[in-house]
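# Examination of the molecular architecture
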Amino acid sequence: MPGKGKREEKTDVQSIEHYKEVLIDPSINENKRMLEDIFRDSSDAVIREFTMENGPEALICYVDGIVLSTAVDEVLKSLMVLQGNEFDIAEIAKKTLPVVQTSSAEHYGDLLTAVLSGDTVLFVEGSTIALVLGLRGTEGRTVSEPETETVVRGPREGFNEHLRTNTSLIRTKIKSPRLKMKSFVVGTETMTDVVVSYMDGIANPKVVQEVEDRIKRICIDGVLESGYIEELIQDSNYSPFPQIQNTERPDTVAAALLEGRVAILVNGTPFVLLAPFGFWQWLQASEDYYERFLVGTLLRVLRFQFLFIALLTPALYIAASTYHPEMIPTSLLLSIAASREAIPFPAVVEALIMEVAFEALREAGVRLPRTVGQAVSILGALVVGNAAVQAGIVSAAMVIVVSLTGIASFTLPRYNAAISVRMLRFPLMLLASLFGLLGIVVGIMAIIGHMAKLRSFGVPYLAPVAPVSFSDWKDIFIRAPWHKMNRRPAYMNALDQQRQPITGSSAVDKGDQA
Amino acid sequence: MKTLHGYIRRVLLSSVTIGLVIPLTGCWDRREINDVAFVLASAIDKEGEDVKISVLIPLPGNMGGATGGGGGSGGKKPFVIKEETGSSIREAAAKLQRGLPRKLFLGHRRVLLIGEEYAREGVDQMIDAVTRLPENRLTVFVAVTKGKAVDVLNADTRLERFSAEAIRETLQSDSSLRVSLKDVAGQVIVTGSDAYLPYLQLKETSLARQQAEDITVSGYALTHNGKMTAVAQERSAIGLRLLSGKFKPYILTLKGKNDVNTTLGITSAGVLITPKNKNGEPSFRIEVVSKASIEEDMHLQRNYDDIEQRTGIERQVEKSMRKDIEQALTLMQETNSDVLGFGQILNRTYPGLWQRTWKQNWEVLFPRCTFEIHVRNKLHRIGMNKENLAKKEQ
């Protein structure tokens, strides 16, 4: 809206693209006019002109609030008392300024990017080069426990919205020069910092290259969350299944990097993307690796069953009760018949009512303030659980089916995967009501067929089960003890497969990383 | 844009085509549980020249579920029995269906009762009617009832909600031999074997305020060529059970002098039937090895440390069991009902001879067969007490 008004004025305020080729003028006054024009109506931009002692005019420009103002003061102080006659900009950077990160800019494009990201620029009269001083400092949230992925045992730190904090959290986990963090800027207006992180020599360079290429190809005005990046770089847009993992946990990212996967960090969100992502990672929770392997295996086997329960229970109930009553044990069938006697709806309508009610409750619970959420859950339990059964609108058997399904869908550690399972439940229920078990089988075959076709950054979605790679099965249906997991997952095509010597000792492992 | 348009067109067209094709198959067998009458048991009786079928249908509304309009388990019975006659079983069933608002569903039938009168005319037509429908289970328990089968079906057993459940539990308990429809069908179609079925009888409890009708297995109905010929009861029933190869533990009381009886439990018995060919005449050697345990002993002076007394009991058991087996065999031979499949045993041992000569003459040969019976018994357990605790100290 304001853009339209401005377009009619003498000079347009353009996006940074427009200034890419504009050279810096040697004259301070010209630069000042230019900057004032660019930052017109921007009260947070500071343009400060000053004179160096015994020297030329200079100009400093930064955006207030995202710089360390004390450090800027320090810079000004040291420039204002500059003695001698070394006013060359390169010399100033070398000798005078108490700043670690400095770089130079020749074009307005680079310069503006730096200023808007929190850097400070210094112009000196007569120089066509501006000095960029890295004095960034923003107020951020402290590192706190991740809310979406809690664990009983494991690190309690989670990413926050500040990119540097997030990279530092990973760096403190992996103190290796092999850990690379490549920086990109995405979004023509938001200029969001994106970091692609991988282990050099472990991650497959083709995967890394593919991730980088896809990120470079993005051409969008703004990236506010890593979800934008995920949708813009994923392999198949119309698939119900997520092809990129997201996590709030630095330990999960570190583990993925060590497996040869690539992490994508986006400034402004605690959710880091991990690629490639396959079906079997749906069931791998970080805690599996922290508990003893027997416990991890048990939990994984349970989760595998819950996946099927979450996907199939309502469909199986509908199919068995409307098409195949001979499959239900007689006494159970009589109980179901007794509870269904007064129900006015067919089983599929009953199931849909209950499932929709349950999804509504869940959504309300997420969206509402925590204090109200409690009331909603109590209300929901009463209305859906008790009153509906007593009023004879839904049968008790259906309440059991739906609540079992709901609980099972919450056991999946990947939220985005759990949502896709919940989503697929509905078509399966319709298929079951139309064609019985036959419909369910057709539905499952369609799902598996689609999964088999799906790929995530060149890695088959069902790997290592399809295509088969038996050596990787020790981290699929079970979680093998650590001393047996000597090698990285082969389906990730890591360059360096060896994780620990076959004999397996932690001391040697440490040496390998250095 | 044009390709996207074509894509959508194709998807729409193919889904419409599939949607039209599916109803054309006409086999949409969807029915809600509320629209189905589950048959838990049925009975077949002779009614003059016609067949009468009766079905037991549970009433979910009367079963006291969470919903329901009352759920009184006190007064109303939780099931109904509907009956209808027809000139064939399927005709009667179709007529029955016409009068019912719900679809009869036979997939959960667990018991099929046949009235004695009908069974004597032959169970083979019944087998055809039942096995033709895929809904019917071949694992359904079959039994012949004394008198009308519907009376047994209508028994007020009190202990179970449905008489069907009571009958099923009885038929698969130790007091009976499990006989399912597929066993009967399998035995009826083969020359050299006949079917036997449990024979059910009503037993009334007439104690005041405790009136109930219990259903017991009082013996086994023997058939020949699908027609019921006789009932093996008492000793011959025990003999039949011993020889059937499906041993179930049972109780045997040895009568002593002055009513001093000893009751033993026969805990296991193995049977070995060896056919022999004596100059073209088949004969059989039957060996039974069994184990017995003392359940109750009235003999105060019994000394189990004395080997003589123990072997004495063993010999008595052997004698009694041999008598049971002889009686069973005699009954079978008298009625020419080869329910143990002696013919099939011959077929397996002398296949050539059986096919060439014996098979054709089996009707004549079986009653003439001779049996050589050897019974061995071991007393292997005398219980917790060595001697009767009531015995006075000496």
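Quick caveat: nothing in here was measured; it's all calculated off a predicted structure. For every chain, the first residue of the written sequence is number 1, and numbering continues from 1 onward in sequence order. Each chain is given a letter, starting from A, and each ligand a number, starting from 1, according to the order in which they appear as written. For a predicted model such as this one, the threshold for reporting local features is a pLDDT of at least 70, and the threshold for listing and counting side-chain atom pairs is 80 or more; totals across whole chains, interfaces and linings nevertheless cover every residue. Excluding hydrogens and water, the side-chain values take into account all heavy atoms of the structure.

### Examining the overall build of chain B
How we decide: Only DSSP runs of H or I covering at least 4 residues are called helices, and only runs of E covering at least 2 are called strands; the numbering of each starts at the N terminus. Radius of gyration: C-alpha atoms only; globule rule: 2.2 Å multiplied by the number of residues to the exponent 0.38. A simple rule labels every residue: compare its accessible area, found with a 1.4 Å probe on the protein chains alone, to the largest value its type can have, and call it buried under 20%, exposed over 50%, or partly exposed in between. Two residues form a contact once any of their heavy atoms are found within 4.5 Å. Here the Shrake-Rupley method, with its probe set to 1.4 Å, supplies the accessible areas, and only the displayed protein chains count as covering residues. For the purpose of charge, His is not counted, nor are the chain termini; Lys and Arg are scored as positive and Asp and Glu as negative. By convention, the point assigned to a charge is CZ for Arg, NZ for Lys, CD for Glu and CG for Asp.
Scanning chain B from terminus to terminus reveals 11 helices and 14 strands. Over its C-alpha atoms chain B spans a radius of gyration of 28 Å, topping by over 25% the 21 Å that the globule rule assigns to 394 residues. Its C-alpha atoms give chain B principal-axis dimensions of roughly 105 × 65 × 60 Å. Out of the 394 residues belonging to chain B, those deemed buried represent 45%. Long-range pairs, those at least 24 residues apart, make up 69% of the contacts in chain B with a sequence separation of at least 6. Only carbon and sulfur atoms are counted for the fraction: they give 52% of the accessible area of chain B, which is about 20,900 Å². The average position of the 56 basic charges and that of the 47 acidic charges among the side chains of chain B differ by 6 Å.

### Section: the interface of chain B and chain A
Interface size is commonly expressed as the accessible surface area that is lost when the partners come together. So the rule is basically this: Two parts placed together each lose some accessible area; with a 1.4 Å probe, that loss summed over both constitutes the buried area. Only one rule defines a salt bridge in this text: a Lys or Arg side-chain nitrogen within 4 Å of an Asp or Glu carboxyl oxygen. For this analysis, a polar contact is any N or O atom pair within 3.5 Å, provided that within protein one partner can donate a hydrogen and the other can accept it, and provided that sequence-adjacent residues contribute only side-chain to side-chain pairs. Note on residue classes: Ala, Val, Leu, Ile, Met, Phe, Trp, Tyr, Cys and Pro are nonpolar, Asp, Glu, Lys and Arg are charged, and everything else, Gly too, is polar.
Taken together, the contact pairs 23 residues of chain B with 25 residues of chain A. Summing both sides of the interface, chain B and chain A together bury roughly 2,200 Å²; the carbon and sulfur share of this comes to 62%. Taken together, the connections running from chain B to chain A amount to 2 salt bridges. Across the pair A:R340 and B:E32 runs a salt bridge whose closest N-O atoms are separated by 3.3 Å. For the pair chain B and chain A, the number of links is 11 residue pairs in polar contact (both at pLDDT 80 or more). Residues of the side of chain B that touches chain A, tallied by class, amount to 10 nonpolar, 6 polar and 7 charged.

### A closer look at the sheet that holds strand β10 (residues 227–233) of chain B
Adjacent strands of a sheet pair through backbone hydrogen bonds, lying either parallel or antiparallel. Residue and element names in this part refer to chain B. Operational definition: Two strands are said to pair when DSSP picks up at least two bridges between them. Inter-axis angles, ranging from 0 to 180 degrees, are taken between N-to-C directions of lines fitted to C-alpha atoms, where helices are fitted over the stretch in contact.
Ordered in space as β4-β3-β2-β6-β7-β8-β9-β10, the 8 strands form an open sheet in which the pairing is mixed. Either end of the sheet is taken by a strand with one partner, and the two such strands are β4 (79–86) and β10. Strand-to-strand, the axes of this sheet are offset by a mean angle of 30 degrees, without reference to chain direction. With 8 bridges connecting them, strand β3 (residues 50–58) and β4 associate as antiparallel partners. Directly across from L56, in β4, lies its bridge partner I81.

### Concerning the UniProt feature "transmembrane region" (unreviewed entry) in chain A
Selection rule: UniProt positions are given in the numbering used here, feature names are shortened, and annotations may be inferred rather than shown by experiment.
The sites that UniProt annotates as "transmembrane region" (unreviewed entry) are residues 262–282, 302–320, 375–408 and 428–448 of chain A. Counted over residues 302–320 of chain A, helix gives 100% and strand 0%. Its end C-alpha atoms are 24 Å apart.

### Side note on the sheet that holds strand β7 (residues 192–199) of chain A
Residues and elements named next belong to chain A. Sheet architecture is open: 5 strands sit in the order β6-β7-β9-β10-β8, paired in antiparallel fashion. Of all the strands in the sheet, the pair left with one neighbour each is β6 (179–186) and β8 (245–247). Within the sheet, the average angular offset between the axes of one strand and its neighbour, ignoring direction, is 25 degrees. Bridge count for β7 against strand β9 (residues 262–266) is 4 bridges, and the pairing is antiparallel. Its bridge partner being in β9, V196 is matched across the sheet by I264.

### Digging into the UniProt feature "domain: Spore germination GerAC-like C-terminal" (unreviewed entry) in chain B
UniProt tags residues 218–383 of chain B as "domain: Spore germination GerAC-like C-terminal" (unreviewed entry). Taken end to end, residues 218–383 of chain B comprises 37% helix and 39% strand; its first and last C-alpha atoms sit 29 Å apart.

### Some points on the environment of A:L434
Note that A:L434 resides in helix α15 (residues 415–453). A:L434 gets classed as partly exposed once you look at its relative accessible area, which sits at 39%. Sequence separation of A:L434 and A:P314 is 120 residues, and the distance between their C-alpha atoms is 14 Å. If near-sequence neighbours (up to four positions away) are discounted, A:L434 is found in contact with A:Y323 and B:W28.

### A look at unusual backbone geometry
Residue and element names in this part refer to chain A. Put simply, A463 and P464 share a cis peptide bond, and its omega is 5 degrees. Mapped onto the elements of the fold, P464 is located in the loop between β12 (459–460) and α16 (506–513). A cis amide bond links A466 with the next residue in sequence, P467, at an omega value of 0 degrees. Mapped onto the elements, P467 comes out in the loop between β12 and α16. Even without being a glycine, M191 presents a positive backbone phi close to 50 degrees. Along the polypeptide, M191 turns up in the loop between β6 and β7.

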